[in-house]
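Observations on chain architecture
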Amino acid sequence: MNHFEYRNGEMFAEGVALKRIAQEVGTPAYIYSLATLKRHFKVFDQAFAKARHIVCFSVKANSNLALLRAFAKEGSGFDIVSEGELFRALKVGADPRKIVFSGVGKKRQEIEYALKSGILMFNVESEEELFALDEIAAGIGKKAPISLRVNPDVDPQTHPYISTGMKKAKFGVDIKKSLETYRKAVSLKNVEVVGVDCHIGSQLTSVTPFVDALAKVREYLDRVLAGEMKKEGAQIRYLDLGGGLGINYHDETPPLPDEYAKAIIQGLEGLDITLILEPGRVIVGNAGILLTEVQYIKETDTKKFIIVDGGMNDLIRPALYGSYQAIQPVIENNADKVVADVVGPICESGDFFAKDREIARPKRGDLLAVMSAGAYGFTMASNYNSHPKPPEVLVDGDQYYIVRRRESLDDLINGETIPASLQ
Ligand code: LLP
């Protein structure tokens, strides 16, 4: 459920007309609904009420400070993958004891920063990283709490670019070989083994792969890890199951958080552990849209193009994954339907939001809302073709706030210099 709805033929975000935001803030612009964000967080969190758990919002999905602050106020922890994401989380007053750090390529300075900040745990993705953590922790007189990200070799049945839990992926360590790595971890002086972690992919639309992955991790945890680790004097206290729950972009029917939680909680029976979840998309995906304005309609012998002022630089998902984003007119439009590509201004044929989409024929100046753009929208935006990044707007009831201003032309060249020899 979200708060983007038509009232008298006009789309609103909560109590604010999108047309008004377009007039006052301009287009393209990202617009988020605070009520939707909070609702999604609460529904997800409450679904796990029966299990001791921490929800760590996955910052990569949307890292705007206002949103992170809203989640922190709801009690959220954070799943981070870089020092930049850690910086953002700490800026909004996040509790470091609820921050988990994943990613295959953590750098020395990132590890030091996280150690000094006192995060809950590092999700370690390789043996070399484990040794690096030990050495870096020793260097600053700290102990690094770790869990090993295991790769359970489960097919999440999603786009290959966002599948992470299959053997061929760069993520995690082979679950079957993880005991060896755990043993090494326990023997290290500046590392403390506290958990086990797994994340198999994103935009999953069925519970089955989650259940299969959990069963594999659980079997291994019970049969091998728990006993062995105890023997070695370490106790696994956290089980991090990552994120990945999908949303409805088009005609998908992903499980509801309740069904997902039930299936997971069932798989935890008899286990005395704190569950960690790292949802991103399911919290923010349908809480945001990209508002664009039609610039031109162009017809060739074979195609119709609706050219809008947002492009792959603002929202790259269709170009990168061929993914579907619904597109709706801001003012309901009863014109004849046409089949058209909705494209941006970028000089690439890959720059499209929709291909051969049936849509009520808009005209120059009409506003179109690209729906479900709250996750992996702004965070993946770039300045390609030297377009300033769009603003981000947060709607709260009948108020709206610009939570990131539109970049200016000066922002585009900020930090660039011309060497004296060229002056
Ligand atoms: N935890 C880890 C370790 C992850 O790698 C990810 C996402 C998440 C949690 C959050 O997953 P979510 O709940 O959002 O599915 N740019 C792509 C998605 C990339 C996902 C990367 N990892 C897209 O636009 O579809």
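Structure shown above.
Residues numbered from 1 in each chain as written. Predicted model: local features only at pLDDT ≥ 70, side-chain atom pairs only at ≥ 80, totals over all residues. Heavy atoms only, no water.

Looking at the packing of aromatic side chains
Per the counting criterion, the structure on display carries ten aromatic pairs. Look at F44 and Y260: their rings are 5.9 Å apart centre to centre, the planes differ by 40°, and that puts the pair in the tilted class. Highlighted residues: F44 in helix α2 (residues 34-47) and Y260 in helix α9 (residues 257-267), separated in sequence by 216 residues. When its relative accessible area of 2% is taken as the criterion, F44 is described as buried. (Phe/Tyr/Trp six-rings, centres within 6.5 Å; stacked < 30°, edge-to-face > 60°. Helix = DSSP H or I, 4+ residues; strand = E, 2+ residues; numbered from the N terminus. Buried < 20%, exposed > 50% of the residue type's maximum accessible area, 1.4 Å probe, protein only.)

Observations concerning the packing of helix α4 (residues 83-91) against helix α5 (residues 108-117)
Axis separation between α4 and α5 bottoms out at 9 Å; the angle between their running directions is 25°. Put simply, α4 runs roughly parallel to α5. Of the two possible hands of crossing, α4 and α5 adopt the one that is left-handed. Seen from α4, the contacting residues are E83, L86, F87 and L90; seen from α5, they are Q109, E110, Y113, A114 and S117. (Axes fitted to C-alpha atoms, helices over the stretch in contact; angles between N-to-C directions. Parallel < 35°, antiparallel > 145°, perpendicular 65-115°, else oblique. Left-handed = near helix turned anticlockwise from the far one by under 90°. Contact = heavy atoms within 4.5 Å.)

Quick look at helix α1 (residues 18-25)
Those residues of α1 lying buried are L18, I21, A22 and V25. All buried residues of α1 lie within an arc of 100° about the axis, which places them on one face of the element. Positive phi appears at G26, one or two residues downstream of α1, with a value of about 90°. (Arc of directions from axis to C-beta.)

Details of the environment of R97
Take R97: it is sitting in the loop between α4 and β7 (99-101). Residues R97 and G118, spaced 21 residues apart in sequence, show a C-alpha to C-alpha distance of 6.7 Å. What R97 contacts, discounting residues up to four positions off in sequence, is G118, I119, L120 and Y238.

With respect to the nonpolar core
In terms of nonpolar packing, the biggest core is built from 98 residues, with F78, F122 and I146 touching the most fellow members. Per-element tally for this core: the top contributor is helix α8 (residues 208-231), with nine residues. When residues of this core are assigned to domains, at least three map to each of domain 1 (4-31 + 285-412) and domain 2 (103-277). Setting aside residues up to four positions removed in sequence, F78 forms contacts with C56, F57, V59, L68, F71, A72, A89, A94, K98, I99 and V100. M11, V16, V25 and L367 belong to the second-largest nonpolar core, a separate cluster that totals 19 residues. (Core = buried A, V, L, I, M, F, W, Y, C linked by side-chain atoms within 4.5 Å. Domains from an automatic or database assignment.)

Side note on the pattern of salt bridges
Counted according to the given criterion, the structure contains 21 salt bridges. The salt bridge partner of E135 is R108, with a shortest N-O separation of 2.8 Å. Of this pair, E135 sits in helix α6 (residues 127-139) while R108 sits in helix α5; the two residues are 27 residues apart in sequence, bridging distant segments of the chain. A relative accessible area of 45% means that E135 is categorised as partly exposed. D356 is the salt-bridge partner of K303, the closest N and O atoms lying 2.9 Å from each other. With a gap of 53 residues between them, K303 in the loop between β14 (288-299) and β15 (304-308) and D356 in strand β18 (residues 352-360) connect regions that are remote in the sequence. Among the charged side chains, a network of salt bridges with common partners joins R183, E228, K231 and E232. (Salt bridge = Lys/Arg side-chain N within 4 Å of Asp/Glu carboxyl O.)

Section: the pairing of strand β11 (residues 191-197)
β11 sits mainly inside the fold: six of its seven residues count as buried. Pairing geometry for β11 and strand β12 (residues 238-240), over three bridges, is parallel. Along β12, the bridge assignment pairs D197 with D240. Taken together, β11, α8 and β12 constitute a β-α-β crossover, and its handedness is right-handed. (Pairing = 2+ DSSP bridges. Right-handed = clockwise from strand over helix to strand, strands pointing away.)

Re the sheet that holds strand β3 (residues 16-17)
One open sheet accounts for three strands, arranged β1-β2-β3; its pairing is antiparallel. The sheet terminates laterally at β1 (4-7) and β3, the two strands that pair on one side only. When β1 meets strand β2 (residues 10-13), the two strands line up antiparallel, connected through four bridges. Following the sheet pairing, F4 is matched in β2 by A13.

Examining the site of the ligand
Residues in contact with the ligand amount to 18 residues; listed here are only the nearest, S202, E278, R317, Y321 and Y376. E278 places a polar side-chain atom, nitrogen or oxygen, 2.5 Å from a nitrogen atom of the ligand. Each of domain 1 (4-31 + 285-412) and domain 2 (103-277) contributes no fewer than three residues to the shell around the ligand. (Near = heavy atom within 4 Å. Polar contact = N/O pair within 3.5 Å; in protein donor to acceptor, adjacent residues only side chain to side chain.)

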